[in-house]
Amino acid sequence: ACKVSTSLLPDELLKRAKEVEEEVGREHRYRWGPREVDVDIILYDSIVHNAPNLDLQIPHLRAHERDFVLGPLCDIHPSAFHPDRNATSCQLLQGLLESLKADSCALTRVLPVPMGGRVED
């Protein structure tokens, strides 16, 4: 996770993020598949940006559902405000963790599956 300052507009920042992924060696296999690196724009000031083609949605559409996003966000910017949820990153994380405790069937972690799809003992 990182917090940056930029003069780039959201679409320009997304383009640069995709270039960085490519430079690092990300290979596009299939949607939601394993990847070497994934650069997402979670928040951009208080901007709400909904691209018609769904290439860029700010705030990130599922950030509020992911402890692995909210935890680091709280570490680097506890007062980051989610304009659609009307809450700070830490408030969202607290609510998410409380809901996971209340739901005994909740999935709290997704483990990566090695390439080839086989999990070894």
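Preceding this section is the structure that the text describes.
Report on the accompanying structure. Computed from a prediction, not measured in an experiment: that's the story for all the values here.

With that settled, the discussion passes to helix α3 (residues 89-102). When the terminal C-alpha atoms of α3 are compared, their 20 Å separation across 14 residues agrees well with the 20 Å that a helix rising 1.5 Å per residue should span. Among all positions in α3, only Ser89, Leu92, Leu93 and Leu96 are buried. Looking straight down α3, one finds its buried side chains confined to an arc of 100°; they lie on one side. Pointing more than 90 degrees away from the buried face of α3 are the exposed residues Lys101 and Ala102. In this structure, the buried side of α3 is in contact with α2 (67-76), β3 (81-82) and β4 (87-88).

The next thing to look at is the environment of Leu9. Along the chain, Leu9 turns up in the segment before α1 (10-24). When its relative accessible area of 54% is taken as the criterion, Leu9 is described as exposed. For the pair Leu9 and Tyr44, spaced 35 residues apart in the sequence, the C-alpha separation amounts to 9.4 Å.

How each quantity is defined
Position labels on residues start from 1 in each chain and follow its written sequence. Selection of residues for local features in this predicted model requires a pLDDT of at least 70, selection of side-chain atom pairs for listing and counting requires 80 or more, and totals for whole chains, interfaces and linings are taken over all residues. Only hydrogens and water are set aside; all other atoms, that is, all heavy atoms of the structure, feed into the side-chain values. Helical segments are the DSSP runs of H or I of at least four residues, strand segments are the runs of E of at least two, and each set is numbered from the N terminus. Helix span is expected to be 1.5 Å times the residue number reduced by one. Buried means the residue's accessible area, taken with a 1.4 Å probe over protein chains only, is under 20% of the maximum for its type, while exposed means over 50%, and partly exposed covers the values in between. The arc in question is traced by the directions running from the helix axis to the C-beta atoms. We call two residues contacting when some pair of their heavy atoms lies within 4.5 Å.

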